[in-house]
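# Inside the fold
Single-letter residue listing:
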Amino acid sequence: MSELRRVPVNGVELNVALAGSGPAVLLLHGFPHTWELWTDVMADLSGRYRVIAPDLRGFGASSRAVHGYDADTLAGDAAALLTALGVSSAAVVGIDAGTAPAFLLALRRPGLVRRLVVMESLLGRLPGAEDFLADGPPWWFGLHAVPGLAETVLEGHEAAYVDWFLDAGTLGEGVRPALRDAFVRAYTGRQALSCAFSYYRALPESAAQIERAVATARLTVPTMALGARPVGAALERQLRPVTDDLTGHVIEDCGHIIPLHRPHALLTLLRPFLAGDDADTFGPDAARRRA
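Residues numbered from 1 in each chain as written. Predicted model: local features only at pLDDT ≥ 70, side-chain atom pairs only at ≥ 80, totals over all residues. Heavy atoms only, no water.

### Let's talk about the confidence of the model for the protein chain
With 95% of its residues at a pLDDT of at least 70, the protein chain reaches an overall mean of 94. For the protein chain, per-element mean pLDDT is lowest for helix α14 (residues 286–290), which scores 31, and highest for strand β3 (residues 24–28), which scores 99. Contacts of residues 279–291 to residues separated by more than four positions or lying in other chains number 9 contacts, the stretch itself having pLDDT below 50. (pLDDT = per-residue confidence, 0-100. Helix = DSSP H or I, 4+ residues; strand = E, 2+ residues; numbered from the N terminus. Contact = heavy atoms within 4.5 Å.)

### Concerning the pattern of salt bridges
Enumeration according to the criterion identifies 15 salt bridges in this entry. Note that Asp77 and Arg57 form a salt bridge whose closest N and O atoms lie 2.7 Å from each other. With Asp77 in helix α2 (residues 71–84) and Arg57 in the loop between β4 (50–54) and α2, this residue pair connects regions lying 20 residues apart in the sequence. Judged on exposure class, the residue Asp77 and its partner Arg57 are both buried. (Salt bridge = Lys/Arg side-chain N within 4 Å of Asp/Glu carboxyl O. Buried < 20%, exposed > 50% of the residue type's maximum accessible area, 1.4 Å probe, protein only.)

### A closer look at helix α7 (residues 177–186)
Among all positions in α7, only Leu179, Ala182, Phe183, Val184 and Ala186 are buried. In this structure, the buried residues of α7 make contact with α1 (39–45), α6 (158–168), α8 (190–201) and α11 (258–261).

### Remarks on the environment of Gly227
Structurally, Gly227 is set in strand β7 (residues 223–229). In this structure Gly227 comes out as buried when scored by relative accessible area, which is 0%. When residues no more than four places from it in sequence are discounted, the contact partners of Gly227 are Glu120, Gly232, His249, Val250, Ile251 and Ile258.

### A look at the side chain of Thr34
Structurally, Thr34 can be placed in the loop between β3 and α1. For Thr34, a relative accessible area of 3% puts it in the buried group.

### Here's the deal with the pairing of strand β6 (residues 113–119)
Most of β6 is tucked away: 7 of the 7 residues are buried. Alignment of strand β5 (residues 90–95) against β6, held across 5 bridges, turns out to be parallel. Paired with Ile95 across the two strands is Met119, which belongs to β6. Note on the crossover from β5 through helix α3 (residues 99–108) to β6: the handedness is right-handed. Bridging between β6 and β7 involves 4 bridges; their strand directions are parallel. Counted as the bridge partner of Val117 is Met224 from β7. (Pairing = 2+ DSSP bridges. Right-handed = clockwise from strand over helix to strand, strands pointing away.)

### Things to note about the pairing of strand β1 (residues 3–9)
Inspection of the sheet shows β1 paired to strand β2 (residues 12–19) by 7 bridges, in the antiparallel sense. Bridging across to β2, Val7 finds its partner in Leu14. As consecutive antiparallel partners, β1 and β2 are separated by 2 residues, and within that stretch Asn10 has a phi angle of approximately 50°, a positive value.

### Re a nonpolar patch on the surface
A surface patch of nonpolar side chains, amounting to about 220 Å² of accessible area, comprises Val146, Leu149 and Val153. One can find Val153 in helix α5 (residues 149–154). Exposure remark for Val153: the relative accessible area of 49% places this residue in the partly exposed category. (Patch = residues over 30% accessible without salt bridge, like charges linked within 9 Å, V, L, I, M, F, W, Y side chains within 5 Å. Areas by Shrake-Rupley, 256 points an atom, 1.4 Å probe, with all protein chains shown as cover.)

### Some remarks on the packing of α6 against α7
One way to put it is that α6 packs onto α7 with a least axis distance of 9 Å and a crossing angle of 130°. Judged on the interaxial angle alone, α7 and α6 are oblique. Considering how the two elements wind past one another, α6 and α7 form a crossing that is right-handed. Facing Ala159, Val162, Asp163 and Leu166 of α6, the residues of α7 in contact are Arg180, Phe183 and Val184. Its residues assigned to classes, the contact of α6 with α7 comprises 5 nonpolar, no polar and 2 charged. (Axes fitted to C-alpha atoms, helices over the stretch in contact; angles between N-to-C directions. Parallel < 35°, antiparallel > 145°, perpendicular 65-115°, else oblique. Left-handed = near helix turned anticlockwise from the far one by under 90°. Nonpolar A, V, L, I, M, F, W, Y, C, P; charged D, E, K, R; others polar.)

### Considerations on the packing of aromatic side chains
Aromatic ring pairs are reported here in terms of the distance separating the ring centres and the angle at which the planes meet. Across all of its chains, the model carries 16 aromatic pairs by this definition. Here the aromatic rings of Phe31 and Tyr187 are separated by 5.4 Å at their centres, their planes lie at 90°, and the arrangement is edge-to-face. Placement of Phe31 in the loop between β3 and α1 and of Tyr187 in the loop between α7 and α8 is noted, with a sequence separation of 156 residues between them. Residue Phe31 is classed as buried on the basis of its relative accessible area of 5%. Arranged with centres 5.1 Å apart and planes meeting at 80°, the rings of Tyr199 and Tyr200 form a pair that is edge-to-face. One aromatic cluster in this structure is built from Phe31, Phe59, Trp139, Trp140, Phe141, Tyr161, Trp164, Phe165, Tyr187, Phe197, Tyr199 and Tyr200. Over the aromatic face of Phe273 sits the side chain of Arg115, whose NZ or CZ is 4.6 Å from the ring centroid. (Phe/Tyr/Trp six-rings, centres within 6.5 Å; stacked < 30°, edge-to-face > 60°. Lys NZ or Arg CZ within 6 Å of the ring centre and 35° of its normal.)

Here it is in structure tokens:
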């Protein structure tokens, strides 16, 4: 059972679900989700790890921030959250909107991030995603990017809109009713919609931040890139030139919402990857990697 706690960071309060004990694992969700995206993953990992799953700023029950939806600020929120919880080292897992901040956090703070798992997203304009973007970005990126438009069109129709993403992200199978209802509640109302769409409106700024970051640093922590439908191996291809230690997998017959659509397949990959922490800590190459 998860404990919910409100944690002040960077001028906002994050709603955070906590479960288990042991080495820390930080889980960063995407759109249109909340920390509850990780329900099945937390239930499994909490037997061995201290699992930390926040609602990102502006999402779910976290503060409705006016600003700060760029990847750099979201990465700062994640770092401040770990500090507030007394965590000095964590494995970080991000999907969709959580991928870019997870990446920047690991790139800039390799002493804080033991291992990185990113899935079903692109990292700005980094090379490698040309095939995926050949027909342009997904249609909703444009709708969400126009200030005020999507809120005006969608207010009063939030449930139908969230349902579309939940169905598409599970290849038509949908998610459990309790989770579906939680996501709909989290994205109902003009303010909730505006905060969610602010993430998309910050994407150009986030892309520039990523480009500047990889121009001066490499990702040195062990990293796993996971894809499904529709992103596939595009994220792995983006990461390959800038990452020292990269593993990539594409989960077959799986939609975008990997943690809810195919949690067992995800956990089959996550468990051994996270278990490598012990080898990283005590193995012969550990000192060299920390230097």
